[in-house]
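Below, each chain spelled out in residue letters.
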Amino acid sequence: MFSNFIQNLLNTGGQTQAMQRYAQIANKVNNLNAPQQAQNPLDTIYPNNAKINSPTFEKVLQATSRSNFGTLLLDPKLKQVQANIVSQNIGQSLDNVRPVQQLSSQNVLQEAVAAQTNIQQPASKAQIMNVVSQISKKHGVDEKLVKALIKQESGFNPKAKSKSGAMGLMQLMPSTAKNLGVKDPYNTVQNVEGGVKYLKSMLNKYNGNVILALAAYNAGPGAVDKYSGVPPYKETQNYVRNILANYL
């Protein structure tokens, strides 16, 4: 079980030092064997470029002041937006629940698909919440942000369809759904999987800036890049404001 060096320490009374050395070796072995996190295929489309200096919230608001969007964060509570939306407690386990880090991405998706298979249409809000929670954790996105976005997009209606043709819980446009590999936009699991992937890609593109990511989800990244901030569209400004109100 122990190396000769550690066994000698044990034989000469250095048990404490030997156990500390063994723990250090075991920790290094575990780190080497730790599985690598699967890369989001959309990162190749919207990579997280550390060289890009994403504008601060204040600069975003100043750039859109002509459309009175600067009032978005005047509320002290709304100024507490956290750009880092990756949950810091993902690794913590709950009673009678397996720790998330022990589940591979494939296992999580399989469980979500199995849950969707057993869901009688239409799915209940509680069942949808469960799917959202699993997929959000899988992609490292704050599930509270995803739920606030779904509430704004579809009101948790899996069969929702907009006049422009956006479909399902996260209102995926046909072209977006196709690029994300979503075959059935009205399927709860497929829709949330695609929508969370797209939201994560926007967060990566804008270095975790929640405001810009939400604006891009609604108006498209091209519009956000064109105006260097939230586009001066009333719909998009209200969209971002409403989601933040439910998220914070």
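So, how was this worked out
- Residues numbered from 1 in each chain as written.
- Predicted model: local features only at pLDDT ≥ 70, side-chain atom pairs only at ≥ 80, totals over all residues.
- Heavy atoms only, no water.
- Helix = DSSP H or I, 4+ residues; strand = E, 2+ residues; numbered from the N terminus.
- Buried < 20%, exposed > 50% of the residue type's maximum accessible area, 1.4 Å probe, protein only.
- Contact = heavy atoms within 4.5 Å.
- Areas by Shrake-Rupley, 256 points an atom, 1.4 Å probe, with all protein chains shown as cover.
- Axes fitted to C-alpha atoms, helices over the stretch in contact; angles between N-to-C directions.
- Parallel < 35°, antiparallel > 145°, perpendicular 65-115°, else oblique.
- Left-handed = near helix turned anticlockwise from the far one by under 90°.
- Nonpolar A, V, L, I, M, F, W, Y, C, P; charged D, E, K, R; others polar.
- Salt bridge = Lys/Arg side-chain N within 4 Å of Asp/Glu carboxyl O.

### Considerations on the overall build of the protein
The secondary structure content of the protein amounts to 11 helices and zero strands. Reading the secondary structure of the protein in the N-to-C direction produces α-α-α-α-α-α-α-α-α-α-α. Burial analysis of the protein (248 residues in total) assigns 40% to the buried set. Counting contacts in the protein only where the partners sit at least 6 residues apart, residues at least 24 apart contribute 52% of the total. For the protein, the exposed surface amounts to about 14,500 Å²; the carbon and sulfur share of it is 50%.

### A short note on unusual backbone geometry
Residue Phe-156 is not a glycine yet carries a positive backbone phi of 65°. Its location among the elements puts Phe-156 in the loop between helix H6 (143–153) and helix H7 (174–179).

### As for the environment of Val-230
Topologically, Val-230 is positioned in the loop between helix H10 (221–227) and helix H11 (234–247). Sequence-wise, Val-230 and Leu-214 are 16 residues apart; in three dimensions their C-alpha atoms are separated by 9.0 Å.

### Considering the packing of helix H9 (residues 210–219) against H11
Interaxial distance between H9 and H11 falls to 9 Å at its minimum, and their mutual angle equals 130°. Between H9 and H11, the crossing angle belongs to the class labelled oblique. Considering only the axes of H9 and H11, their crossing is right-handed. Counting all contacts with H9, which are made through Val-210, Ile-211, Leu-214, Ala-215, Tyr-217, Asn-218 and Ala-219, the residues of H11 involved are Glu-235, Thr-236, Tyr-239, Val-240, Ile-243 and Leu-244. Looking at side-chain class alone, the contact of H9 with H11 contains 10 nonpolar, two polar and one charged residues.

### Comments concerning H9
Across the 10 residues of H9, eight count as buried, placing the element largely inside the fold. Remark: Gly-220 follows H9 within two positions and exhibits a positive phi of approximately 100°.

### Thoughts on the pattern of salt bridges
As enumerated under the stated definition, the model contains four salt bridges in all. For Lys-138, the salt bridge is made with Glu-193, and the minimal N-O distance between the two is 3.0 Å. Residue Lys-138 is found in helix H5 (residues 125–139), and its partner Glu-193 is found in helix H8 (residues 188–205); the two are separated by 55 residues along the sequence. Just as Lys-138 is buried, Glu-193 falls in that class too. For the salt bridge of Asp-225 with Lys-205, the shortest nitrogen-to-oxygen distance reads 3.4 Å. Separated by 20 residues along the polypeptide, Asp-225 in helix H10 and Lys-205 in helix H8 bring together distant segments of the chain. For Asp-225, a relative accessible area of 40% gives the class partly exposed. Here the salt bridges share partners, and the residues they tie into one network are Lys-138, Glu-193 and Lys-197.

### Focus on the side chain of Thr-236
Residue position: Thr-236 is located in helix H11. Leave out the neighbours within four places in its chain, and Thr-236 touches Ala-215, Asn-218, Ala-219, Val-230 and Pro-231.

### Description of the packing of H8 against H9
Relative orientation of the contacting elements H8 and H9 amounts to 130°, with a least axis distance of 8 Å. One finds that H8 runs oblique with respect to H9. As for the relative orientation of H8 and H9, their crossing is right-handed in sense. Two secondary-structure elements touch here, H8 through Gly-195, Tyr-198, Leu-199, Met-202 and Leu-203 and H9 through Val-210, Ala-213, Leu-214, Ala-216 and Tyr-217. When its residues are assigned to classes, the contact of H8 with H9 shows nine nonpolar, one polar and no charged.

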